[in-house]
Structures are given as C-alpha cells and as structure tokens.
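Residue-level listing of the chains:
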Amino acid sequence: MAESTLWWIVTGVLVALELATGTFYLLMLSLGAAASALAAHAGLSLMAQMVIGAVVALVAVAGCYQWRKRRPGDPSPRAERSVNLDVGETVQIERWNPDGTAVVRYRGAPWTAVHRPGEIPHSGPHRVVELVGSRLVVEPV
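My aim in this report is to walk through the structure given alongside it, one point at a time. Just so it is clear, the model here is predicted, and its values are computed rather than measured.

Now for helix α2 (residues 25-41). Between its first and last C-alpha, α2 extends 25 Å over 17 residues, near the 24 Å set by a 1.5 Å rise per residue. Residues of α2 that are buried: L26, M28, S30, G32, A33, A34, A35, S36, A37, A39 and A40. Looking at the buried positions of α2, the neighbouring elements they touch are α1 (3-21) and α3 (46-70). Following α2 by one or two positions, G43 has its phi on the positive side, about 85°.

Structure representation (structure tokens):
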C-alpha cells in the first residue's frame, strides 16, 4: 500500500473521531495528515511527510486556539432569558448605597441589586441583565 493511502486513511480516521467526539482540534490534526498525504503524492521522504504534517497540524491548532481565545465568550447562562425569567425585567432603584448596592422591591420581596461593571450607578428604572446568587445585576433602561 502506498504511503499516501495510509495518510488518507489516517485523515479519515481523525475526521471520524472528530464526528464521534465533537473535538474540533481533531479536524486540525486531520489537516496535518492530509498535508502529509499530499507530501507523499509529491514523492517526498517519510521524514519530510511527517514534518510537513506536524507543522501544518501545529499551525492549525495554534491558529484555532488563538481564534477561540480572542472571540468574546458566550454569555453566562445566568444572563439568558430562557434560563432565568428575571432577565429583562425592570426594577425601580431609588438610591444606591456607597458600596455599590441597592435594595429594590421585586416580586414582593427585597432584593440586592448591583450595577453592571463599568456602569455609573444612578436612580431610576433599571433592567435586570443577570442573576448572580441572590443579587440582581442591573443596567439603566
């Protein structure tokens, strides 16, 4: 069996494993195996095939890692309306305490509200953007 055929089989196995496990990085490794197969088709030595495959896989994994690292993270499940029905509701804040909290009446009970980081606290209507423990994280409407 030709070396290129073996590399194509390795590529197929890596893709199948990725489909079974959902590990995106296995696709990057399969790119390296495909590059090795192309190097085998070009008639390069086995050592050159392995080096090319390793370099392509390494660059692909590093690129994928950097891309995912720069992407803003998914919102916290605590901030999704489908998980927490309090998200999106409006509360009235009369005054803020010096420690950055406020006591609000919400659903018939007193709650502690904190403003979203970077927001300047002021009184008035606020929207609930997240629930952290028993604290409402709010932003101005």
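Attention shifts here to the pattern of salt bridges. Tallied over the full model, the rule gives three salt bridges. Between R107 and D86 there is a salt bridge, with its nearest N and O atoms 3.3 Å apart. Of this pair, R107 sits in the loop between β2 (101-106) and β3 (109-115) while D86 is found in the loop between α3 and β1 (90-93), placing the two residues 21 residues apart along the sequence. Note on D86: relative accessible area 8%, which makes it buried. Taking the shortest distance from any N to any O, the salt bridge between R127 and E139 comes out at 3.2 Å. Taken together, the residues R127 in strand β4 (residues 124-132) and E139 in strand β5 (residues 135-140) connect sequence positions twelve residues apart. Taken together, the salt bridges that share partners define one network made up of R116, R127 and E139.

Here five strands make up an open sheet; going across it, the order is β1-β4-β5-β3-β2 and the pairing mixed. Looking at the sheet topology across the chains shown, the edges are occupied by β1 and β2. Geometrically, the sheet is characterised by an average inter-axis angle of 50° between neighbouring strands, direction not taken into account. Both β1 and β4 contribute to a ladder of four bridges, which runs antiparallel. Considered in β4, the bridge of Q92 is made with P125.

Once that is clear, we can look at α3. Over its 25 residues, α3 extends 36 Å from the first C-alpha to the last, a length consistent with the 36 Å expected when each residue adds 1.5 Å. Residues of α3 that are buried: Q49, G53, A57, A60 and C64. On its buried face, α3 is in contact with α1 and α2.

Parameters at a glance
Residues numbered from 1 in each chain as written. Predicted model: local features only at pLDDT ≥ 70, side-chain atom pairs only at ≥ 80, totals over all residues. Heavy atoms only, no water. Helix = DSSP H or I, 4+ residues; strand = E, 2+ residues; numbered from the N terminus. Expected span 1.5 Å × (residues − 1). Buried < 20%, exposed > 50% of the residue type's maximum accessible area, 1.4 Å probe, protein only. Contact = heavy atoms within 4.5 Å. Salt bridge = Lys/Arg side-chain N within 4 Å of Asp/Glu carboxyl O. Pairing = 2+ DSSP bridges. Axes fitted to C-alpha atoms, helices over the stretch in contact; angles between N-to-C directions.

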